[in-house]
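Secondary and tertiary structure notes
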Amino acid sequence: MRNDRLTLRGEHLDKSFPPLAGQTEGHVVLSDLSLEVRQGEFLSILGKSGCGKSTLLRILGGFDPPDRGKITLGEQPVLHPDSRMIMIFQEPGQLFPWMTLWGNIVYAIKKTARPFHKEQAAERAEACLSEVGLTGYEESYPHELSGGMKQRAALARALALEPLALLMDEPFSSLDYLTRRSAQDTLLRLWRERGVTVIFVTHDIDEALTLSQRIAVFDSAAHRLGECFQNDGSPALKGRLEALLR
Amino acid sequence: MKAGNWMGRHRSLARAFWIGALLLCWELSVKLLHVSPLLFPPIEEVLRVMGESFLRGDLFYQTFFSLGVILWGLLIGVVLAFLLALLSVRSQVMESLTDALTAIAHPLPGIAILPLIIMWFGTGTGAIVAIIVHSALWPVLLNLTAGFRAVPKIYLDVGHNLSLRPLAITWEIRVRASFSYLLSGLKIGWARAWRALISAEMVFGAIGSKGGLGWYIFKQRTFMNTAGLFAGIILVIAIGMAVEELVFNRLERCTIQKWGMSAQ
């Protein structure tokens, strides 16, 4: 069913932010950055805080336009955000607080599914909530959930839309160690089951090693992706990444 | 355990306690100090007059008249505020216009433009509605635009991710996300409108066949009916408290408190 030709490509992306007060030159974030992510691949983008990883993710998702270059998903250009690529943000506050967990998920399905069937949506919402282990919390409001549960719920909402790709911006970085590990396990299991493409931005080497197939290191001097590694989970790779991030 | 502890826990109970204590002081000072009932009537006299006025029907009618007028004014004010706030989200020109308008009109007390309103609208119900609209519109607008501006970017990003149209972004995300601002704007709007209404009625005299609460209070002074005057004042307080508790607090409980958004 999945189309293997639905590769996500970013080609020659440039992005700089306008100069701050008192500065003459703008702040370069991306410079001639290219990347390619195959359908179903799990790619981590590893980089120091503030190096531009999040900007790259926003541009890939169509949230912000690049200054130059283009993004394509399969044959189609990505010009604005849509439900083919769902972003999961770092902040746990990404669920709408005025809706219950159930409401959040059904609302998202309702806004994106064409045509929308009520029973189908309910079935899908129920399945996704159970997959992230939140059955029984349907009627809870987001503020009643813990940080880890909120991120799981965001994952459930994203998966309920059956996206081609998940764009994840350090989604687990605000969680404590055990909660993070269990959220990572859930993500890995869902990725394997669903074959969804995942682009996962993180500054945590262990997290990248735990999750991804491929790890790209963001070269903050050149403002583009530097070396790219197949993740074999070896201590040698870990040492290499540590050296690169120092 | 300290004696004051329960007062912190049960605010409405504590309030009732203090109101009772104040009423007791009132009654005692009337009975013990023998002040003239023309200046300070005993409570039972006030209650008797209030009951009489209610039974005669005029106080009842006047209360509902006042509340009806204020409801109209508030409704028009809120709808106008919504329209202006929505327009100023969509366009920079409109935003600077509403900003300037609010800056000019917000500090202007409703009662200050009464003479002008009389010249423009005469002294009918329309004039009072105009004053109430003025009193409610600007604080609600000020809060709404502030709320729309303060909507966390992440909700808008999620909305865009769901391919929402601009209208849906505004209506289904901005309006809901800024609900606590809307509520506090409404509270201020209501308080100002209520004040403006009572004073406007005193200045205008009777509007409609029997007039409203403000007129009732004013009339009691003319007849030197101090007990009636107190009855009117107590009613004004009671209505203010009832609206606060039954409308605003209830609304708050089943919206922003339930949503965990009352931090503002």
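Values in this document were obtained by computation on a predicted structure and should not be read as measured data.

**With respect to the UniProt feature "domain: ABC transporter" (unreviewed entry) in chain A**
Annotation from UniProt places "domain: ABC transporter" (unreviewed entry) at residues 8–245 of chain A. Across residues 8–245 of chain A, the secondary structure splits into 35% helix and 26% strand, with the terminal C-alpha atoms separated by 26 Å.

**Considering helix α9 (residues 166–177) of chain B**
Those residues of α9(B) that fall on the buried side of the exposure criterion are B:Ala168, B:Ile169, B:Thr170, B:Glu172, B:Ile173, B:Arg174, B:Val175 and B:Ala177. For α9(B), the elements touching its buried residues are α2 (101–112) of chain A together with α4 (58–90), α7 (125–149), α8 (153–161) and α10 (179–204) of chain B.

**Comments concerning the confidence of the model for chain B**
All names here are of chain B. Within chain B, residue pLDDT values average 87, and 95% of them lie at 70 or more. Within chain B, the lowest mean pLDDT, 77, falls on helix α1 (residues 5–9), and the highest, 96, falls on α8. Prediction confidence for the complex, expressed as pTM and ipTM, is 0.86 and 0.92 respectively.

**Here we look at the packing of aromatic side chains**
A ring pair, where both rings are aromatic, is described by two values, the distance of the centres and the angle of the planes. Per the stated rule, a full pass over the model turns up 19 aromatic pairs over all chains. With a centroid separation of 5.6 Å and 65° between ring planes, the pair formed by B:Phe179 and B:Trp259 is classed as edge-to-face. Residue B:Phe179 is found in helix α10, and its partner B:Trp259 is found in the segment after α12 (226–253); the two are separated by 80 residues along the sequence. Taking the relative accessible area as the measure of exposure, B:Phe179 reaches 17% and is therefore buried. Grouped by ring-pair contacts, the aromatic residues A:Phe42, A:Phe172, A:Trp191 and A:Phe200 constitute a single cluster. In this structure, A:Arg157 packs its charged tip against the face of A:Phe96, placed 5.5 Å from the ring centre. Above the face of the B:Phe218 ring, B:Arg221 is positioned so that its terminal group lies 5.8 Å from the ring centre.

**What about the sheet that holds strand β6 (residues 85–88) of chain A?**
Residue and element names in this part refer to chain A. Strand order across the open sheet formed by six strands is β6-β7-β8-β3-β9-β10, with mixed pairing between neighbours. Among the strands making up the open sheet, the edge pair consists of β6 and β10 (224–230). The mean angle between the axes of side-by-side strands here comes to 20°, regardless of whether they run parallel or antiparallel.

Rules used throughout
- Residues numbered from 1 in each chain as written.
- Chains lettered and ligands numbered in written order.
- Predicted model: local features only at pLDDT ≥ 70, side-chain atom pairs only at ≥ 80, totals over all residues.
- Heavy atoms only, no water.
- UniProt positions renumbered as here; feature names shortened; annotations may be inferred.
- Helix = DSSP H or I, 4+ residues; strand = E, 2+ residues; numbered from the N terminus.
- Buried < 20%, exposed > 50% of the residue type's maximum accessible area, 1.4 Å probe, protein only.
- Contact = heavy atoms within 4.5 Å.
- pLDDT = per-residue confidence, 0-100.
- Phe/Tyr/Trp six-rings, centres within 6.5 Å; stacked < 30°, edge-to-face > 60°.
- Lys NZ or Arg CZ within 6 Å of the ring centre and 35° of its normal.
- Pairing = 2+ DSSP bridges.
- Axes fitted to C-alpha atoms, helices over the stretch in contact; angles between N-to-C directions.

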